[in-house]
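# A closer look at the structure
Listed here are the chains, written in short residue letters.
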Amino acid sequence: MGVNSVRNTATVHSAIAVASNRTGIDFNYLLGQAHVESGLRTDARARTSSATGLYQFIDQSWLGVIKEHGAEHGMGWASDAIKQTPSGRYVVNDPNMRRAILDLRNDPTASALMAAEHASDNKESLEKSLGRPATGTDLYMAHFLGLGGARSFLTAMESNPNRSGASMFPAAARANRNIFYNSSGQPRTLSQIYERFGNRLDSGVSASGGTGLASVTLGGSDAATQFMPANFIQQTQSLENGGEVIFGTNSAENDTAWVNSTLANLNTLREPMNPLRPTPDNARLAYMLLASLGA
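These remarks concern the structure in this document. (Residues numbered from 1 in each chain as written. Predicted model: local features only at pLDDT ≥ 70, side-chain atom pairs only at ≥ 80, totals over all residues. Heavy atoms only, no water.)

The subject of this paragraph is unusual backbone geometry. Where the residue is not glycine, phi is negative for most of them; where a peptide bond is considered, it is trans in most cases. A positive phi is found at Leu40, a non-glycine position, where the angle reads about 65 degrees. When you line up the elements, Leu40 lands in the loop between α2 (27-38) and α3 (59-69). The buried category is assigned to Leu40, whose relative accessible area is 13%. Phi angles above zero are rare outside glycine, and Gln56 is one such case at about 55 degrees. You can see Gln56 is positioned in the loop between α2 and α3. For Gln56, a relative accessible area of 14% puts it in the buried group. (Helix = DSSP H or I, 4+ residues; strand = E, 2+ residues; numbered from the N terminus. Buried < 20%, exposed > 50% of the residue type's maximum accessible area, 1.4 Å probe, protein only.)

Here is the structure:
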């Protein structure tokens, strides 16, 4: 493994550790999911959809979770720019701002935080429906089938684990034959599909350098700290105690400091900024400057 690969993996581990620490979603689950989804590649892109980044969020799912949770993690500038139409679709009027928000999927910290928040929402809903603690495999079923599909799958599995999964989810089965059918072409049962997902999550943790299980009951995870140097842990604890959040804060004082820092960084860039493809920092800076002019 090359130096850059090791460095990138460490960056992803640290980002997932922050997300686990801030949301309470198990580190091993988030690590296993990231490996299954993207192989820990922050720039991963799907060939057949808009799915992008560490957790392969499609455009609408990303805009939705940013709208719901972005402000909690210092991305209020992005959340404020997203509107929801009466039909439920998420839109951003400014195309440059929309691209900057979608490009956040390639930032490991932003992506891990939103994946953890999405998992937390699904966990709460599943536990109310099932009347038991949710496992990592339960959460991945919600990621794969959607929340409603996961509820149907898990409820049916409790009463009839030998039922064919393909008979319940024919559309998903057509698109994912290797999951719903074995190598002989026989349909897998609900319990076999569930076990297969659990094994994939656990294998993902192992392949990513983790030491725990992603498929078991979810709770806080001390595993996160094994990937975080002491000063990083201290920095994360400062965030939990009300310190400056990762993407800046909504306070005027910290926003001013952030703007000054961003301007200084922009002034040291070797290449000029492309106004048609802004970075998230550039977009937020422009957003804040425009907001101040209108105040």
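Another point: the packing of aromatic side chains. Two aromatic rings are characterised by how far apart their centres lie and by the angle between their planes. The full count for this structure, using the stated rule, is five aromatic pairs. Aromatic side chains Tyr140 and Phe197 sit 5.3 Å apart centroid to centroid with 50 degrees between the ring planes, which places their arrangement in the tilted category. A residue pair is termed long-range when its members are at least 10 positions apart, and Tyr140 in helix α7 (residues 136-159) and Phe197 in helix α11 (residues 190-207) qualify at 57 residues. Classification of Tyr140 as buried rests on a relative accessible area of 4%. (Phe/Tyr/Trp six-rings, centres within 6.5 Å; stacked < 30°, edge-to-face > 60°.)

Within the span of α3, buried status applies to Asp59, Trp62, Leu63, Gly64, Val65, Ile66 and His69. Close packing links the buried residues of α3 with α4 (76-81), β1 (82-84), β2 (90-92), α5 (95-103) and α6 (108-130). (Contact = heavy atoms within 4.5 Å.)

Ile16, Tyr55, Trp62, Ile101, Phe153 and Phe180 are the most contacted members of the largest nonpolar core, which totals 62 residues. By residue number, the principal contributor to this core is α7, which donates 10 residues. Apart from the residues lying within four places of it in its own chain, the contact partners of Trp62 are Phe57, Ile101, Leu102, Leu104, Arg105, Ala110, Ser111 and Met114. (Core = buried A, V, L, I, M, F, W, Y, C linked by side-chain atoms within 4.5 Å.)

Contact geometry for α3 and α5: axes closest at 10 Å, N-to-C directions at 90 degrees. Here α5 runs roughly perpendicular to α3, going by the angle between their axes. Contacts between α3 and α5 involve Asp59, Trp62, Leu63 and Ile66 on the former and, on the latter, Arg98, Ile101 and Leu102. Residues of the contact of α3 with α5, tallied by class, amount to five nonpolar, no polar and two charged. (Axes fitted to C-alpha atoms, helices over the stretch in contact; angles between N-to-C directions. Parallel < 35°, antiparallel > 145°, perpendicular 65-115°, else oblique. Nonpolar A, V, L, I, M, F, W, Y, C, P; charged D, E, K, R; others polar.)

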